[in-house]
Amino acid sequence: MPFTIAIDGPAASGKGTIARALAHHFGFAHLDTGLLYRAVGAKGGDPVAAARSLTPDDLARDDLRSARAGQAASRVAAIPEVRAALVEFQRRFARSEPGAVLDGRDIGTVICPDAELKLYVTANDEIRARRRAKELGADEAQMLRELRERDARDVARAVAPMRPAPDAVLLDTSEMSIDDAVTRAITCAKEAGA
Ligand code: CDP
Ligand code: CDP
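Residues numbered from 1 in each chain as written. Chains lettered and ligands numbered in written order. Predicted model: local features only at pLDDT ≥ 70, side-chain atom pairs only at ≥ 80, totals over all residues. Heavy atoms only, no water.

Chemist: Help me get a handle on the pairing of strand β3 (residues 99-104), residues and values and all.
Modeler: The buried fraction of β3 is high, at 6 of 6 residues. What you see with β3 is no split at all: G99, V101 and D103 on one side and A100, L102 and G104 on the other are buried throughout. Relative to β3, strand β1 (residues 3-8) runs parallel, the two being bridged by 6 bridges. Paired with T4 across the two strands is A100, which belongs to β3. Bridging between strand β2 (residues 29-32) and β3 involves 4 bridges; their strand directions are parallel. Bridge pairing links A29 to A100 in β3. (Buried < 20%, exposed > 50% of the residue type's maximum accessible area, 1.4 Å probe, protein only. Helix = DSSP H or I, 4+ residues; strand = E, 2+ residues; numbered from the N terminus. Pairing = 2+ DSSP bridges.)

In structure tokens:
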């Protein structure tokens, strides 16, 4: 039986960094599910058709990390048919041997409700904006507005809203270095049997 780790949380909380480190540590596959929604948003045209025909090339575009792509992603992510079109691929990925780490917004609640470990990673929004602004070379105040708008949309949508699964371990990285956050996550995974 593969071991599945589900990581959710708001923008720039550090979930991708933790997911990559966990996958590396345990030799598991990693899927950044946000990239799927970013690719659908960036493709343009009918988002439902885009989600149904997503290819590896779509995921390799070099403009997907921008704030603009993040905003477009959160708009198409509210469309139920877009989410439905992406479920099967994510669930199949989650069954990778010997294990898989998926990070996003609805992994612990919708995609992998039976994951062996669920983490919900948070950090206060000013710290998240500072981290993301530094990463993208963008203005911090502008980034704070962008993240708040996107988080609000992700929390309020009717289908698969962003929220911690009842059995998720909460990890607030506001005051944590990357090393501390990764060490905590590895400890949680070992306790869960990884
Ligand atoms: O995947 P998510 O959007 O949640 O965040 P990320 O891409 O893992 O992290 C956003 C930025 O914050 C990256 O530049 C990380 O290096 C940084 N970071 C940090 O400074 N301290 C942490 N404890 C975690 C992430
Ligand atoms: O890295 P960051 O947290 O800023 O964003 P992301 O994980 O790449 O996700 C971009 C957008 O895709 C989010 O704001 C969500 O609207 C959407 N998303 C989602 O709805 N469900 C997921 N499992 C992953 C992302």
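Chemist: Tell me what's going on with the site of ligand 2, and back it up with residues and numbers.
Modeler: The environment of ligand 2 is formed by 18 residues, the closest being K15, R38, R83, R150 and D154. Note that an oxygen atom of ligand 2 is positioned 2.6 Å from one of the side-chain N or O atoms of R38. In the model, an oxygen atom of ligand 2 is placed 2.5 Å from a nitrogen or oxygen of the D154 side chain. When residues of the shell around ligand 2 are traced back to their parent elements, those giving at least two are α2 (34-43), α5 (67-76) and α9 (140-156). Residue contributions to the shell around ligand 2 peak at 3 residues, all from α2. Among the residues forming the shell around ligand 2, the class breakdown is 5 nonpolar, 4 polar and 9 charged. (Near = heavy atom within 4 Å. Polar contact = N/O pair within 3.5 Å; in protein donor to acceptor, adjacent residues only side chain to side chain. Nonpolar A, V, L, I, M, F, W, Y, C, P; charged D, E, K, R; others polar.)

Chemist: Break down helix α1 (residues 15-26) for me, with residues and values.
Modeler: Taking 1.5 Å of rise per residue, 12 residues should cover 16 Å, and α1 covers 16 Å from first to last C-alpha, within 8% of that figure. Restricting attention to buried positions, one finds in α1 the residues K15, G16, I18, A19, L22, A23 and F26. The buried residues of α1 occupy an angular sector of 160° when projected down its axis, which confines them to one face. Buried residues belonging to α1 abut β1, β2, β3, β4 (117-122), β5 (169-172) and α10 (178-191). (Expected span 1.5 Å × (residues − 1). Arc of directions from axis to C-beta. Contact = heavy atoms within 4.5 Å.)

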